[in-house]
Amino acid sequence: MRFADIIGYEDLKKALVGMADASRVPHALLLYENEGCGAVPLALAFSQYLACEHPINGDSCGVCPSCNRMQKLIHPDLHFVFPVNAGSKSGKTAAKDLSSAFYMEDFRGLLRSNPWFMEAQLSETLGLETKTWDINVLEARELSRELSLSAVENGWKTVLFYLPETLNVAAANKLLKLVEEPPEKTLFLFVTHQPSKVLQTIFSRCQSLRLPPQSPQEIVRGLSSRGYEGPEAEEQARLCGGSLGVALQSLQSDDRAEQYFDWMAGLLQALLKKDLLAALAIGDEISALGSREKQKAFCIFASEVLRKIFLLQRGQESLAGLSTSRAAALRELAGKVSRQFAVKMLPVLDKTAYYIDRNVNQKILFTDLVDRMSLYII
Ligand SMILES: [Zn+2]
């Protein structure tokens, strides 16, 4: 990521470039922001600038081998630390034996697709099921080992340290010395959303920089550079509180809801036409969603559609809260499916979500779901 890929924050970019050009890079920088404002992209752009072989006009060149590896997030001197926990992807491994390394591919995938990700999006990507996560001693141990080795490319070693407020006390104690006296040319880039919760011992050793919320105009430009334009993008730019990450998250969940609605409506229409094969094909697509969290999210979404149909069938349209784009399709479905359909299917969807959590074969689950729907629909 280059500084040019980040809209706005010109003063901060200038300050960072100034530090690098004057060889006054501190050992620890703390970037603090409201979630999703851009501290992670800024940290990535700074890491790339420090590693670039031919920086030009206050930015990395974007084309040298080093920039290339940075952009792919595979530069050997760029390290990532983020909180983890046991979840759907970690099998029987206990939380204390898990560190960022275990989830690194998923983390990189998220970072490549959206460096303005929100905490909840990270937790969902990693498949974490509880709300508490932390950075533990194992992480601290692994990090000190990695940093004790010299830089592979003879430049800066940077550590993008996401959410230092989640460091547990033992890990913080272990890390403190490293942050206080890091190996030469090592830079900690801490990104926090709650600076007041960062342990004082860490905080006091950092130079801190704040990313203020951005203007709606900047957010519109940021959204446009990520492919979102038009009235929805402009509306989100006004509502997101100056955080591009918040705006992107809303727009992405709209995309997802759109897909879920198409599936659910397609399923019901196919079953009403008694086209079981078409319905099963949609069931296959859902079972191939790739993450348990997304499959459960579909079940919750489908339940919501059924509730709306139930209310429409009972003349309670005002309670159903129909969006203009879906109202006609929902009214049509409500007119065709059995009045008992929603009542019979809601417990089935709950059960499906329950079994998804217990790792039952997903193809079987969704085939069974389609089967039940075909029984109750008329
Ligand atoms: Zn370069």
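Computed from a predicted structure; not experimentally measured.

Quick look at the overall build of the protein chain
Moving on, step 1. Tallying secondary structure elements over the protein chain gives 17 helices and five strands in all.
Moving on, step 2. With respect to the three principal axes, the spread of C-alpha positions in the protein chain is 75 × 45 × 40 Å.
Moving on, step 3. The long-range fraction of contacts in the protein chain, counting pairs at least 24 apart against all pairs at least 6 apart in sequence, stands at 73%.
Moving on, step 4. In the structure as shown, the protein chain presents an accessible area of about 17800 Å², 51% of it carried by carbon and sulfur atoms.
Moving on, step 5. Computed over 42 positive and 44 negative side-chain charges, the inter-centroid distance for the protein chain is 5 Å.

Considerations on the packing of aromatic side chains
Moving on, step 1. This structure, assessed with the given rule, holds 13 aromatic pairs.
Moving on, step 2. Geometry around Phe310 places Arg314 over its ring, the cationic atom sitting 3.8 Å from the centre.
Moving on, step 3. Note that Arg358 overlies the ring of Tyr354, its terminal NZ or CZ placed 4.0 Å from the centroid.

Some details on a nonpolar patch on the surface
Moving on, step 1. Together, Tyr354, Tyr355 and Val360 make up an exposed nonpolar region whose accessible area comes to about 250 Å².
Moving on, step 2. Locating Tyr355 in the fold gives a position in helix H16 (residues 341-357).
Moving on, step 3. Residue classification places Tyr355 among the partly exposed positions, given a relative accessible area of 34%.

Remarks on unusual backbone geometry
Moving on, step 1. One non-glycine residue, Leu73, lies in the positive phi region at around 65 degrees.
Moving on, step 2. The exposure class assigned to Leu73 is buried, which follows from its relative accessible area of 5%.

Here's the deal with the coordination of the zinc ion
Moving on, step 1. Protein ligation of the zinc ion involves Cys52 (SG), Cys61 (SG), Cys64 (SG) and Cys67 (SG), the donor distances falling in the range 2.3 to 2.4 Å.
Moving on, step 2. For the zinc ion, the four donor atoms in the first shell make angles of 103 to 120 degrees at the metal, a pattern classed as tetrahedral.
Moving on, step 3. Between the donor residues of the zinc ion, the gaps in sequence give the motif C-x8-C-x2-C-x2-C. Judged on exposure class, the residue Cys64 and its partner Cys67 are both buried.

Some remarks on the pairing of strand E4 (residues 186-192)
Moving on, step 1. Of all the seven residues making up E4, seven are buried; the element is thus mostly covered by neighbouring parts of the structure.
Moving on, step 2. Of the two faces of E4, the one holding Thr186, Phe188, Phe190 and Thr192 and the one holding Leu187, Leu189 and Val191 are both buried throughout.
Moving on, step 3. Pairing between strand E1 (residues 28-33) and E4: five bridges, direction parallel. Paired with Leu30 across the two strands is Phe190, which belongs to E4.
Moving on, step 4. Relative to E4, strand E3 (residues 157-162) runs parallel, the two sharing six bridges. From the neighbouring strand, Lys157 faces E4, where its bridge partner is Thr186.
Moving on, step 5. Handedness of the crossover is the feature at issue here: the chain leaves E3, passes through helix H7 (residues 169-180), returns alongside E4, and the resulting connection is right-handed.

Some words on the nonpolar core
Moving on, step 1. Core analysis: the largest hydrophobic core is formed by 60 residues, its most contacted members being Leu44, Phe46, Phe80, Phe82, Leu122 and Leu223.
Moving on, step 2. By residue number, the principal contributor to this core is helix H2 (residues 39-51), which donates 10 residues.
Moving on, step 3. Ignoring any residue separated from it by four or fewer positions in sequence, one finds Phe46 in contact with Phe3, Leu16, Ala20, Val25, Leu29, Leu187 and Leu189.
Moving on, step 4. Among the nonpolar cores identified, the runner-up in size contains 38 residues, and Tyr260, Ile286, Ala342 and Met373 belong to it.

Some points on the packing of helix H9 (residues 216-225) against helix H11 (residues 244-272)
Moving on, step 1. Contact pair H9 / H11: the axes reach a minimum separation of 10 Å and the direction vectors enclose 50 degrees. In this view, H9 runs oblique relative to H11, as classed from their interaxial angle. Once H9 is placed against H11, the crossing between them reads as right-handed. Contact residues: H9 offers Ile219, Gly222 and Leu223, while H11 offers Leu244, Ala247, Leu248 and Leu251.
Moving on, step 2. The residue inventory of the contact of H9 with H11, partitioned by class, reads six nonpolar, one polar and no charged.

Quick look at the domain arrangement of the protein chain
Moving on, step 1. One can read the domain layout of the protein chain as domain 1 (3-212) and domain 2 (250-376).
Moving on, step 2. Put simply, the middle of domain 1 and the middle of domain 2, counted by C-alpha atoms, are 40 Å apart.
Moving on, step 3. Contacts between the two partners involve six residues from domain 1, matched on the other side by six residues from domain 2.
Moving on, step 4. Carbon and sulfur atoms supply 31% of the area buried between domain 1 and domain 2, which totals about 500 Å² over both sides.

A word on helix H12 (residues 276-287)
Moving on, step 1. Taking 1.5 Å of rise per residue, the 12 residues of H12 would be expected to cover 16 Å, and the 16 Å separating its terminal C-alpha atoms lies within 8% of that figure.
Moving on, step 2. Within the sequence span of H12, burial applies to Ala279, Ile282, Gly283, Ile286 and Ser287. Buried residues of H12, viewed axially, fall in a sector of 140 degrees; they line one side.
Moving on, step 3. On its buried face, H12 sits against H11, helix H13 (292-313) and helix H17 (362-376).

Some words on the pattern of salt bridges
Moving on, step 1. In this structure the tally under the stated criterion is 15 salt bridges.
Moving on, step 2. Here Glu10 ties to Lys13 by a salt bridge, and the two come within 3.3 Å at their closest N and O atoms. You can see Glu10 and its partner Lys13 sitting in helix H1 (residues 10-21), three residues apart, about one turn around the helix.
Moving on, step 3. Note on Glu10: relative accessible area 46%, which makes it partly exposed.
Moving on, step 4. On the basis of relative accessibility, which here comes to 7%, the residue Lys13 falls in the buried class.
Moving on, step 5. A salt bridge links Glu153 to Arg69, with the shortest nitrogen-to-oxygen separation between them at 2.6 Å. Placement of the pair is Glu153 in the loop between helix H6 (137-148) and E3 and Arg69 in helix H3 (residues 65-71), with a sequence separation of 84 residues.
Moving on, step 6. Here the salt bridges share partners, and the residues they tie into one network are Glu304, Arg307 and Lys308.

What counts as what
- Residues numbered from 1 in each chain as written.
- Predicted model: local features only at pLDDT ≥ 70, side-chain atom pairs only at ≥ 80, totals over all residues.
- Heavy atoms only, no water.
- Helix = DSSP H or I, 4+ residues; strand = E, 2+ residues; numbered from the N terminus.
- Contact = heavy atoms within 4.5 Å.
- Areas by Shrake-Rupley, 256 points an atom, 1.4 Å probe, with all protein chains shown as cover.
- Lys, Arg positive; Asp, Glu negative; His and termini not counted.
- Charge placed at Lys NZ, Arg CZ, Asp CG, Glu CD.
- Phe/Tyr/Trp six-rings, centres within 6.5 Å; stacked < 30°, edge-to-face > 60°.
- Lys NZ or Arg CZ within 6 Å of the ring centre and 35° of its normal.
- Patch = residues over 30% accessible without salt bridge, like charges linked within 9 Å, V, L, I, M, F, W, Y side chains within 5 Å.
- Salt bridge = Lys/Arg side-chain N within 4 Å of Asp/Glu carboxyl O.
- Buried < 20%, exposed > 50% of the residue type's maximum accessible area, 1.4 Å probe, protein only.
- Donors = N, O, S within 2.8 Å, 3.2 Å for Na, K, Ca; no water.
- Tetrahedral: all angles 85-135°; square planar, octahedral: opposite > 155°, others 65-115°.
- Pairing = 2+ DSSP bridges.
- Right-handed = clockwise from strand over helix to strand, strands pointing away.
- Core = buried A, V, L, I, M, F, W, Y, C linked by side-chain atoms within 4.5 Å.
- Axes fitted to C-alpha atoms, helices over the stretch in contact; angles between N-to-C directions.
- Parallel < 35°, antiparallel > 145°, perpendicular 65-115°, else oblique.
- Left-handed = near helix turned anticlockwise from the far one by under 90°.
- Nonpolar A, V, L, I, M, F, W, Y, C, P; charged D, E, K, R; others polar.
- Domains from an automatic or database assignment.
- Buried area = accessible area lost by both parts, 1.4 Å probe.
- Expected span 1.5 Å × (residues − 1).
- Arc of directions from axis to C-beta.

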